[in-house]
Amino acid sequence: MELLQYFKSIMDEDKAPIVICDLSHTIIYINPSACKHYERFGGDKLLGGNLMECHNPKSREMILKILDWFKESKSNNRIYTYRNDKENKDVYMIALRDEQGELIGYYENHEYRSVETAKMYDFGISL
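What counts and how
- Residues numbered from 1 in each chain as written.
- Predicted model: local features only at pLDDT ≥ 70, side-chain atom pairs only at ≥ 80, totals over all residues.
- Heavy atoms only, no water.
- Salt bridge = Lys/Arg side-chain N within 4 Å of Asp/Glu carboxyl O.
- Buried < 20%, exposed > 50% of the residue type's maximum accessible area, 1.4 Å probe, protein only.
- Phe/Tyr/Trp six-rings, centres within 6.5 Å; stacked < 30°, edge-to-face > 60°.
- Patch = residues over 30% accessible without salt bridge, like charges linked within 9 Å, V, L, I, M, F, W, Y side chains within 5 Å.
- Areas by Shrake-Rupley, 256 points an atom, 1.4 Å probe, with all protein chains shown as cover.
- Helix = DSSP H or I, 4+ residues; strand = E, 2+ residues; numbered from the N terminus.
- Pairing = 2+ DSSP bridges.
- Axes fitted to C-alpha atoms, helices over the stretch in contact; angles between N-to-C directions.

What follows is about the pattern of salt bridges. For the structure shown, the criterion picks out nine salt bridges. Measuring nitrogen to oxygen at the nearest pair gives 3.2 Å for the salt bridge that ties Glu 111 to Arg 113. A relative accessible area of 21% means that Glu 111 is categorised as partly exposed. Each of the salt bridges in this network shares a partner with another, and the network as a whole consists of Arg 78, Arg 83, Asp 85, Asp 90, Glu 111 and Arg 113.

Turning our attention to the packing of aromatic side chains. This structure, assessed with the given rule, holds two aromatic pairs. Pairing Trp 69 with Phe 70 gives two aromatic rings, centres 5.8 Å apart and planes at 45 degrees, and the pair type is tilted. Classification of Trp 69 by relative accessible area gives partly exposed; the value is 27%. Exposure remark for Phe 70: the relative accessible area of 0% places this residue in the buried category.

The next subject is a nonpolar patch on the surface. Taken together, the side chains of Leu 3, Leu 4, Tyr 6, Phe 7 and Ile 10 make up a nonpolar region of the molecular surface, amounting to roughly 560 Å² of accessible area. Looking at the secondary structure, you find Tyr 6 in helix 1 (residues 3-13).

The next point concerns the sheet that holds strand 3 (residues 78-84). Pairing within the open sheet is antiparallel, and its five strands lie in the order 2-1-5-4-3. Strands with a single pairing partner mark the edges of an open sheet, and in this sheet they are strand 2 (27-30) and strand 3. Going from strand to strand, the sheet's axes swing by 20 degrees on average, the running direction of each strand aside. Pairing geometry for strand 3 and strand 4 (residues 89-97), over six bridges, is antiparallel. Counterpart to Arg 83 in the pairing with strand 4 is Asp 90.

Remember, this is a structural readout, not a statement about activity or role.
What follows is the structure, given as C-alpha cells:
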C-alpha cells in the first residue's frame, strides 16, 4: 500500500477541518470534517476552487504576506493566525514543502483546546 494512502486516511479521520491549497490557492484537498465545517460555503464543492474567493480583502492580503514569509526561509513554516473563542481553538497557517524544502502549498491547522470528555478506552462494551 502506498504511503500516500496512509496520510490521506489520517487526514480523512481528523476531527479538525483540513483544507490544503497549492501555491495558486487552488483547494486540492478538503477532509470530511472541513466539508461539514464549511458546508454553508459549499462544503465538498469547494474542492478545485480558489481559496482566495472564500476570504475578504484583508484576509487575502494576510495570506499573501504569510506566503511571502514562508518563502523567505525554509524554517518559516508555522504562524498563528487567529483565536476562535466560540469553538475554543487556535488557528495556524502551515507551510507544505517538498523533499528539498521548497514551498509547494499550505493549509490551515485548527487546534482545539477543550478537554476531552470521552472516557479513556471506551469501546462501548464491558471488559
